[in-house]
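A closer look at the structure
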Amino acid sequence: KISIGPVMWWVEASCFFSFVCALWYYWYKYLGHSTPNRSVHTHVCIIGAGPAGCSVALTLNKLNVSNVVVESGRFEGRKVGESLHPNIKPTLKNLDLLEIVQDSPVHLPSHGYSSCWGSDEIEYKDFIFSPFGNGWHLDRQQFDADLLKLSVSTGSLHEPLFINQILSVTEGKYKWKLTGKRQGDKEETNIFCNWVIDASGRNRVLTKLLGISPVQHDRLLSYSVIISNLAKSGHSMVEAVPSGWWYTTSLPGDKQLITFYTDDDLPSAKLARTAEGFKELLKGTKLCEAKKLEAWLNDPDSATRPSCVSACSQVLQSFGSHSAGWLAVGDAAMAFDPLSAMGITMALMSGVSCATTLNRCDKESDEADKDKHLRAYSTGLEDFFRNSFLQALKMYYSSETRFLDEEFWIRRK
């Protein structure tokens, strides 16, 4: 005879074990008990997966330095589009980005720009004589996503961590411990590293925590709307007006970006906050006529409230510390008036310089030599901002002489 007692005992034990596992799962998942924290150990943590952060990551990958990119979003939100000048191509090639941009079907070719600046007549500048050929009107979401994808695929970069908030920054076995949560998760993620790079743009996630403030040089704001159903144009356009200036460029999908720049304390800033006020400011401009925007202006159903962001020129008072193990890069380090069109170009270039500086500091054993490399990085950024950017910006604004009695232009003499 075969005894079924042991079999039944095994069946009952299995059922009881399954019940306990199910109860444990329910307890932790639905009653709010946290699971053990997830930990990531790396040499460098980069806060921000925009052009500056990914430029740092790409350069570190070439230097075989482990790094993780931390980003608080998934490139889903609205980002203002941007045009790339042809002279950015050597920088893109150095980072192995040129073919990605050239081969992408979503970026539109930019053949030049037009301006109504210093004159009532529209002047045109074509890139046909540029040794680099045409530029591009970018799909910014796609551009940023491609940068991050390349960063992940070309080196020892961890999978990107999309963290909503840095909950704590403390010193421990590593120089830094960053704690955050993925969106929708209860589980926390701890990142242990020796260097933190603030590439979080104007948000300055790290430098705000450190209490380091930028020096602002103006009060410029931008108000932007995106309109649809327009024919593609290969030219961007800028136009000076008494209370500021306008900019427009084509976007993928037969769309047009229209942006108004003015100072935050002027009456025009208050007017531009509303859809009706934005349209009122745009009426009668050369830009409106050249881009055939009359139908959109007169359509009562086309009202879109402009999005407003800071566009001021600013520079940090400190760019990093080798002893503390942090560096700032891109807009987190210094942000430019959009009239200069330096945003993405300088983000990419400063990312390369930041990663190179970090690697040089790591190779030095003497504190004085480390400090020398950091001073070279900081001096380079500071000199560029004050001696190149600000001087060029002054020249750009001083070339407009029609509105010398207007407050916006008086501030920029």
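None of the values given here were measured: they were computed from a predicted structure.

What about the sheet that holds strand β17 (residues 244–251)?
An order of β7-β6-β16-β17-β18-β15-β19 is seen for the 7 strands of this open sheet, with the pairing classed as mixed. Single-partner strands in this sheet number two, and they are β7 (123–126) and β19 (307–310). The mean angle between the axes of side-by-side strands here comes to 20 degrees, regardless of whether they run parallel or antiparallel. Note: β17 against strand β18 (residues 255–263), 7 bridges, orientation antiparallel. Each residue of the ladder has a partner; that of W246, found in β18, is F260. Along the sheet, helix α8 (residues 275–282) contacts β15 (220–227), β17 and β18; its crossing angle with β18, the most-contacted strand, is approximately 85 degrees.

Observations regarding the nonpolar core
Ranked by internal contacts, the top residues of the largest apolar core, which has 80 residues, are I46, I197, W245 and Y397. Setting aside anything within four residues of it in sequence, one finds Y397 in contact with W117, L220, W245, D337, L339, F408, W409 and R412.

Observations regarding the confidence of the model for the protein
Close reading of the predicted structure is inappropriate where its pLDDT is low. Looking at the protein, the pLDDT average stands at 86 and 83% of residues meet or exceed 70. pLDDT under 50 marks residues 26–35. Its contacts with residues more than four places away, or in other chains, come to 8 contacts.

Examining the pattern of salt bridges
Under the definition given, this model contains 14 salt bridges. The closest approach of N and O atoms between D264 and R219, which form a salt bridge, is 2.8 Å. Placement of the pair is D264 in the loop between β18 and α7 (267–272) and R219 in the loop between β14 (214–216) and β15, with a sequence separation of 45 residues. Looking at D264, the relative accessible area reads 31%, which means it is partly exposed. Residue R219 pairs with D265 through a salt bridge whose shortest N-O separation is 3.4 Å. Taken together, the positions of R219 in the loop between β14 and β15 and D265 in the loop between β18 and α7 put the pair 46 residues apart, joining distant regions of the chain. Residue classification places D265 among the partly exposed residues on the basis of a relative accessible area of 35%.

Remarks on helix α2 (residues 51–62)
Between the first and last C-alpha of α2 there are 17 Å, a value that for 12 residues agrees with the 16 Å anticipated at 1.5 Å per step. Most of α2 is tucked away: 11 of the 12 residues are buried. Within α2, the full set of buried residues consists of P51, A52, G53, C54, S55, V56, A57, L58, T59, L60 and N61. Directly beyond the C-terminal end of α2, a positive phi value near 60 degrees is found at N64.

Basis of the calculations
Residues numbered from 1 in each chain as written. Predicted model: local features only at pLDDT ≥ 70, side-chain atom pairs only at ≥ 80, totals over all residues. Heavy atoms only, no water. Pairing = 2+ DSSP bridges. Helix = DSSP H or I, 4+ residues; strand = E, 2+ residues; numbered from the N terminus. Axes fitted to C-alpha atoms, helices over the stretch in contact; angles between N-to-C directions. Contact = heavy atoms within 4.5 Å. Core = buried A, V, L, I, M, F, W, Y, C linked by side-chain atoms within 4.5 Å. Buried < 20%, exposed > 50% of the residue type's maximum accessible area, 1.4 Å probe, protein only. pLDDT = per-residue confidence, 0-100. Salt bridge = Lys/Arg side-chain N within 4 Å of Asp/Glu carboxyl O. Expected span 1.5 Å × (residues − 1).

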